[in-house]
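Chains, contacts and geometry: an overview
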Amino acid sequence: MQINANSLSLQAVNFQMMKVFARKHALNTLLAQKKEESFQLGLVPTMGALHQGHLSLIQSALKDNDCVVVSIFVNPTQFNNASDLNHYPRTLEADIKKLKTLSSPNIMVYAPEAEDIYGTTISKQSFNFDGLEHQMEGKFRPGHFDGVGTVVQRLFEIVQPNNAYFGEKDFQQLAIIRKLVELTKFPVKIVGCPISREKNGLAMSSRNVRLTDIEQTHAAKIFSVLKTTKEKFGTEDATKIKEWVDQQFENDPILTLEYFEISNELTLEPIDEKQDKMKYRAFIAVYVREVRLIDNIALN
Ligand code: AMP
């Protein structure tokens, strides 16, 4: 059976026993029947092309909640690069099969078209996230976090979850969502989840399917550099470590370093002087030929 969000009717489609909704009204009708006083609802927002990283978030959500909504929506307003948006994998049918492997009757999929989220005009709101949005991804993907903030706010309004799950893989995004909740006072608890990695250390990502086997093997260098950064952080200063990281990518035939930062985990500002009791994290963005990957690691 070929399915896409367009082919889903107003009502839930029972695809291999998984409830899949294209319309918020149908989703809400079912959720309204379930909601009673102690009912806990979890939300896991995704852009699909699901992998074990996404499934680990969903498993956490299933532990904490009576029911989990997994949204699958490639959000156009968070892409600042048309080619990246066009190449983003869309694999709803395979995604639903992966969700089935979790063998839970408590998962619902919300896989809308843009109109269900945005109405007839697809636009993004402008946010002030206290400067978090100007660092790293914000510098290299202008407007990205306005798009993220807009869609996550819409999803919170539509689904009204008690708990929402986000991966530390996108650590800056997680910090920004926490800030969004602080600013809007939306009554949802944000749960951060650890990064799932391939055996070679490469952080799992929907974009990895665009890599050849050789590129995947080569891309393991990203995590290996982060691990060495962590070792060096105890004894070397940040400037020296940054120089060392630059050197690791200088003559690489496949990988191009976009940025590497050591930053304060709370403000995301690049480290100045290492301060006691402050938490630091290293962040990296690397192109594997055309494909842009990000990763990060806690340093202390
Ligand atoms: P995406 O579909 O890329 O928008 O990701 C949806 C959610 O899954 C986000 O909260 C991501 O941070 C999270 N996620 C993506 N990859 C991983 C991973 N390798 N480990 C843990 N969480 C992840």
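Please read all numbers here as calculations on a predicted model, not as lab measurements. (Residues numbered from 1 in each chain as written. Predicted model: local features only at pLDDT ≥ 70, side-chain atom pairs only at ≥ 80, totals over all residues. Heavy atoms only, no water.)

1. Quick notes on the domain arrangement of the protein
So the rule is basically this: Here the limits of each domain have been adopted from an automatic or database domain assignment. Any two residues whose heavy atoms approach within 4.5 Å are treated as being in contact. Accessible surface is computed with a 1.4 Å probe, and the buried area is the amount of it that two parts give up when combined, taken over both parts together. Within this document, salt bridges are pairs made up of a side-chain nitrogen of Lys or Arg and a carboxyl oxygen of Asp or Glu, the two lying within 4 Å of each other. Under this definition, polar contacts are N or O atom pairs within 3.5 Å; protein pairs additionally need one hydrogen-donor-capable and one acceptor-capable atom, and for neighbouring residues in sequence, both atoms have to be side-chain atoms. Helix and strand definitions here come from DSSP, where helices need a minimum of 4 consecutive H or I residues and strands a minimum of 2 consecutive E residues; each element is numbered from the N-terminal end. By the convention adopted, Pro, Cys, Tyr, Trp, Phe, Met, Ile, Leu, Val and Ala count as nonpolar, Lys, Arg, Asp and Glu as charged, and the other residues, Gly among them, as polar.
Each assigned domain of the protein is listed with its residue range as follows: domain 1 (5-193) and domain 2 (206-298). Look at where the C-alpha atoms of domain 1 and domain 2 centre, and you get two points 27 Å apart. Contact with domain 1, which involves 21 residues of that partner, is made by 20 residues of domain 2. Counting the surface lost from both domain 1 and domain 2, the interface buries some 1,800 Å², and carbon and sulfur atoms represent 56% of this. Of the charged contacts, one joins Asp84 and Arg207 as a salt bridge, the two residues approaching to 2.8 Å between their closest N and O atoms. Here domain 1 is connected to domain 2 by eight residue pairs in polar contact (both at pLDDT 80 or more). Of all the secondary structure elements, the ones that give two or more residues to the side of domain 1 that touches domain 2 are helix H3 (82-87), helix H6 (137-140) and helix H8 (171-184). Grouping the constituent residues of the side of domain 1 that touches domain 2 by class yields nine nonpolar, six polar and six charged.

2. Observations concerning the pattern of salt bridges
Convention followed: Only protein chains enter the accessibility calculation, which uses a 1.4 Å probe; a residue whose area is less than 20% of its type maximum is buried, one above 50% is exposed, and one in between is partly exposed.
Applying the stated criterion across every chain yields a total of 14 salt bridges. Salt-bridge contacts for Asp84 lead to Arg141; the nearest nitrogen and oxygen are separated by 3.9 Å. Taken together, the residues span a long stretch of sequence, with Asp84 in helix H3 and Arg141 in the loop between H6 and helix H7 (144-159) at a distance of 57 residues. Look at Arg141 and you get buried, because its relative accessible area is 9%. As a salt-bridge pair, Glu236 and Lys232 come within 3.4 Å of each other at their nearest N and O atoms. Across the pair, Lys232 and Glu236 agree in class, each one buried.

3. Quick word on H7
Operational definition: To estimate the expected span of a helix, subtract one from its residue number and multiply by 1.5 Å.
When the terminal C-alpha atoms of H7 are compared, their 22 Å separation across 16 residues agrees well with the 22 Å that a helix rising 1.5 Å per residue should span. Most of H7 is tucked away, with 14 of its 16 residues classed as buried.

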